[in-house]
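# Residue-level structure breakdown
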Amino acid sequence: KYWQIPYKYFSVLALGFIFCIPVTHAANEIPVTLRIEGENATIVNTTVQVPDECDVVDTTTSTPTHFTGYKAICVLQAAQEQQLVTYQVTNWGFAFALDSVNTIANATDWSKTWMLFKNFKDPQMGIDGFSVAENDELVLSYGAWPKLPLKLELSTSTLMVGETETLTARVWDEATSQ
């Protein structure tokens, strides 16, 4: 025998089921600011929703690697999936190297290369080796080492004639690695 549920009760049950389904995809993403600086111009400066895991393909071997834990490399992968950039990486076995972004490749003699900064500090590891947190800023910068400045900050958003304001330039300090 079939269950016979009056239509009005079936509708209430169906709607209750639909509204009880949790949306987990958005909960597993965090906002991270991604700024990519080419040698002469900014390529990207936006907030990217970053998943807690991603798959990245080694460009030289076509081998995929699965990452978990909001890795910085997942920021770049999310940006590529959102069609903001394209990139290539190589797995050297101990770390992933960022080879190119939007066809801007490391020089063969490494005189110009892609440098990584998390919240304006050198993570001192490959892009796959460190995680990002909500509202972090990941800066990828192409050029000769070190490339200065990383960021300029003005003490106000409105300049007035005759008033003094402060302009702060954040630069790389080799001694402190910051």
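Described in the following lines is the structure provided in the data block. The structure presented is a predicted model; accordingly, all values stated were derived computationally and were not measured. (Residues numbered from 1 in each chain as written. Predicted model: local features only at pLDDT ≥ 70, side-chain atom pairs only at ≥ 80, totals over all residues. Heavy atoms only, no water.)

The phi angle at S62 is positive, at roughly 60°, despite the residue not being glycine. For S62, a relative accessible area of 55% puts it in the exposed group. The backbone of N135 shows a phi angle near 70°, a positive value even though the residue is not glycine. Note on placement: N135 falls in the loop between β8 (113-118) and β9 (137-143). (Buried < 20%, exposed > 50% of the residue type's maximum accessible area, 1.4 Å probe, protein only. Helix = DSSP H or I, 4+ residues; strand = E, 2+ residues; numbered from the N terminus.)

It is worth spelling out the pattern of salt bridges at this point. This structure, assessed with the given rule, holds 4 salt bridges. Across the pair E137 and R35 runs a salt bridge whose closest N-O atoms are separated by 3.4 Å. Here E137 is found in strand β9, whereas its partner R35 is found in strand β1 (residues 29-37), with 102 residues between them in sequence. For E137, a relative accessible area of 14% puts it in the buried group. In this structure R35 comes out as buried when scored by relative accessible area, which is 11%. The closest approach of N and O atoms between K112 and E39, which form a salt bridge, is 2.4 Å. Of this pair, K112 sits in the loop between β7 (104-105) and β8 while E39 sits in the loop between β1 and β2 (42-51), placing them 73 residues apart in sequence. Because the salt bridges share partners, they merge into one network encompassing R35, E37 and E137. (Salt bridge = Lys/Arg side-chain N within 4 Å of Asp/Glu carboxyl O.)

A few words now on the state of the cysteines. Following the criterion strictly, the structure yields 1 disulfide and no others. The disulfide partner of C54 is C74, and the gap between their sulfur atoms is 2.1 Å. Every disulfide takes its handedness from the sign of the S-S torsion; for C54 and C74 that torsion is -80°, giving left-handed. Highlighted residues: C54 in strand β3 (residues 53-57) and C74 in helix α2 (residues 72-81), separated in sequence by 20 residues. (Disulfide = S-S within 2.5 Å.)

The values are spatial; any link to function lies outside them.
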